[in-house]
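Analysis of the macromolecular model
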Amino acid sequence: MDHAAIQKFLEEHDYDIRKTHNGRWIDQKCTMDVVCLVSDCIVEYTRNKPERTFTVKDIWYSDYTVENVREIFSKPNPAQKASHEYDKYFGQPVKLLDAAGIINGVKSGRGYTYSVVNRELLEYISFRERNSYHFLCLYIEKVLKDSGIYGMFETFFRLQDKNSFKMLKDDYTDFIISNTRINGATECGRIFTKVLNPLACKYKKLGTEKGHLSKDIITQNMIMYNQKNWRDILSAKPKDMTRSDYETALPVPDDDGMTTYRMNRAKRNLRRYNELYRDGKTELFDERHILDPATQIHHIFPAHEFPAIADYLENLIALTPTQHYSYAHPNNNTQYVDKNYQYLCLIAKTGKIRDNLTGRSGGPVIYDFYLYQKVLNTGLCTEEFFEVREMDFEELLNRLEKYYV
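These figures come from a predicted structure and were not determined experimentally.

**Considering empty space enclosed by the protein**
- Inspection of every chain in the model, using the stated rule, returns 1 cavity of 30 Å³ or more.
- If you list the elements that add at least two residues to the lining of the largest cavity, you get α10 (162–179) and α11 (185–202).
- Within the lining of the largest cavity, the residues separate by chemical class into 6 nonpolar, 1 polar and no charged.

**A few points about the confidence of the model for the chain**
- In the predicted model, the chain carries a mean pLDDT of 89, and 88% of its residues have values of at least 70.
- Across residues 229–236, where pLDDT falls below 50, the model places 11 contacts with residues more than four positions away in sequence or in other chains.
- The low-confidence segment residues 250–255 (pLDDT under 50) makes 7 contacts with residues lying over four places distant or belonging to another chain.

**Comments concerning the packing of aromatic side chains**
- Under the counting rule described, the total for this entry stands at 22 aromatic pairs.
- Their ring planes at 50° and their centres at 6.1 Å tell us that Phe157 and Tyr203 sit as a pair that is tilted. Of this pair, Phe157 sits in helix α9 (residues 150–159) while Tyr203 sits in the loop between α11 and β3 (206–209), placing them 46 residues apart in sequence.
- Judged by relative accessible area, which is 7%, Phe157 ranks as buried.

**With respect to a nonpolar patch on the surface**
- On the surface, a nonpolar cluster with roughly 390 Å² of combined accessible area is contributed by Phe285, Ile290 and Leu291.
- Along the chain, Ile290 falls in the loop between α14 (257–277) and β5 (296–299).

**Quick word on the pairing of strand β6 (residues 316–319)**
- Burial along β6 is two-sided: the residues Leu316 and Ala318 and Ile317 and Leu319 are all buried.
- Relative to β6, β5 runs antiparallel, the two sharing 4 bridges. Bridging across to β6, Ile297 finds its partner in Ala318.

**Section: the nonpolar core**
- The biggest cluster of nonpolar side chains holds 72 residues, and the ones touching the most others in it are Ile102 and Phe135.
- Among residues more than four places away in sequence, those in contact with Phe135 are Ile6, Leu10, Leu96, Ala100, Ile102, Leu121 and Ile125.
- Counting residues in each nonpolar core, the second largest holds 38 residues, with Phe127, Ile297, Tyr312 and Tyr341 among its members.

**A few points about the packing of helix α8 (residues 129–146) against α11**
- At a closest axis distance of 9 Å, the pairing of α8 and α11 adopts a crossing angle of 115°. As α8 packs across α11, the resulting crossing turns out to be left-handed. Of α11, the residues touching α8 (which contributes Tyr133, Cys137, Leu138, Ile140, Glu141 and Leu144) are Lys194, Val195, Pro198, Leu199, Cys201 and Lys202.
- Of the residues assigned to the contact of α8 with α11, the class counts are 9 nonpolar, no polar and 3 charged.

**Some points on the packing of helix α3 (residues 32–46) against helix α7 (residues 119–127)**
- Packing of α3 against α7 leaves a shortest axis separation of 7 Å and a crossing angle of 130°. When the interaxial angle is binned, α3 and α7 end up oblique. The element α3 and its partner α7 pack so that their crossing is left-handed. Taken together, the residues of α7 that come into contact with α3 (itself represented by Val35, Cys36, Ser39, Asp40, Ile42, Val43 and Thr46) are Arg119, Leu122, Glu123, Ile125 and Ser126.
- The class makeup of the residues in the contact of α3 with α7 is 6 nonpolar, 3 polar and 3 charged.

**Here we look at the pattern of salt bridges**
- Enumeration according to the criterion identifies 27 salt bridges in this entry.
- Across the pair Glu187 and Arg24 runs a salt bridge whose closest N-O atoms are separated by 2.8 Å. One end of the pair, Glu187, is in helix α11; the other, Arg24, is in the loop between α2 (17–20) and α3, with 163 residues separating them in the sequence.
- Two residues, Asp355 and Arg354, come together in a salt bridge whose shortest N-O distance is 3.2 Å.
- A relative accessible area of 30% means that Arg354 is categorised as partly exposed.
- When salt bridges with common partners are traced through the structure, they connect Asp40, Glu44, Arg47, Arg268 and Arg272 into a single cluster.

About the criteria used
- Residues numbered from 1 in each chain as written.
- Predicted model: local features only at pLDDT ≥ 70, side-chain atom pairs only at ≥ 80, totals over all residues.
- Heavy atoms only, no water.
- 1 Å grid on protein atoms, 1.4 Å probe; cavity = no way out; pocket = protein on both sides within 12 Å on 5 of 7 lines; lining within 4 Å.
- Points joined across faces, edges and corners; volume = space filled by probe spheres on them.
- Helix = DSSP H or I, 4+ residues; strand = E, 2+ residues; numbered from the N terminus.
- Nonpolar A, V, L, I, M, F, W, Y, C, P; charged D, E, K, R; others polar.
- pLDDT = per-residue confidence, 0-100.
- Contact = heavy atoms within 4.5 Å.
- Phe/Tyr/Trp six-rings, centres within 6.5 Å; stacked < 30°, edge-to-face > 60°.
- Buried < 20%, exposed > 50% of the residue type's maximum accessible area, 1.4 Å probe, protein only.
- Patch = residues over 30% accessible without salt bridge, like charges linked within 9 Å, V, L, I, M, F, W, Y side chains within 5 Å.
- Areas by Shrake-Rupley, 256 points an atom, 1.4 Å probe, with all protein chains shown as cover.
- Salt bridge = Lys/Arg side-chain N within 4 Å of Asp/Glu carboxyl O.
- Pairing = 2+ DSSP bridges.
- Core = buried A, V, L, I, M, F, W, Y, C linked by side-chain atoms within 4.5 Å.
- Axes fitted to C-alpha atoms, helices over the stretch in contact; angles between N-to-C directions.
- Left-handed = near helix turned anticlockwise from the far one by under 90°.
- Parallel < 35°, antiparallel > 145°, perpendicular 65-115°, else oblique.

This is how it looks when you write it as structure tokens:
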């Protein structure tokens, strides 16, 4: 699903807050990573059962959710206590998806029962955080435009000073209190962050931090629920190292639940795509293994060496067991990667990404050219692949050659 398709979906809905009076169209827990994860949990709960209805509790009590959330966010088992925390954590993104029209909620007793309305968009959001981020930006802008208040955000993005920030925050607060059931400035302020910062990130502008005008341009790391304090981490970077080299050299954190979850999700998504649209064949053609199923998902650049790109689809390739354990990792030594075979994997992956992005392969678009550039830069400890023009795959291959030949 591309941005044009998302825009078409959004245009079919009127999100004017003055009409809906919905103050919970977005909320404190509705960050790109949380919306992505909750969408993933809904997709898994309803997989192969498209008509299956669900409640918020159905989602957070499911085995898939319990396993992933307990690992990622270090919260207690939802089958135990902390019900209120889980209700917010899952309930708020569910309400956002309902408000957007992706799912539909029907009043049932004290709560709501939901059903999936647009599975294609739900799966797009669930695929990875970057997809969720793109959707949220488009959705937030549409709500603000429908509500007649997008202009005040444009003014702030143009002026970018304390006065324009205060005016925006005050005007937004007055608008929400006047048109929804939310009646406290503090509550409006918490939600305001989730409205402003994704757009600030999109347009590379200052946003809000701890209730005030941010000192720095908002980045994607800053709008994640499970964000790292990159400023503190990067303050320790040696002066003679590039930021890219330093980030690559960072060890995997002890609390690695999110990395593991994202990596497993990426592998699962690539395997499903390969089975649905490529008949489960290897992505690296080899006549010796043309009939062997590609059951293995291999990291082209090893996850233990490059954790920052461990969950990137662009760093994964579907191989047969022999290709994986005999060629990519000779003698089944998964701590070692054969450089010559790594080069072959990169050539093959470049072709598959090109075919996917140009529509030659059929099926949904699952790759991102910029993220592939990032994978190559990270794995080869350089910045030069960012110099390549968008969609210039021939130049990518030309630059790749000098690292291996």
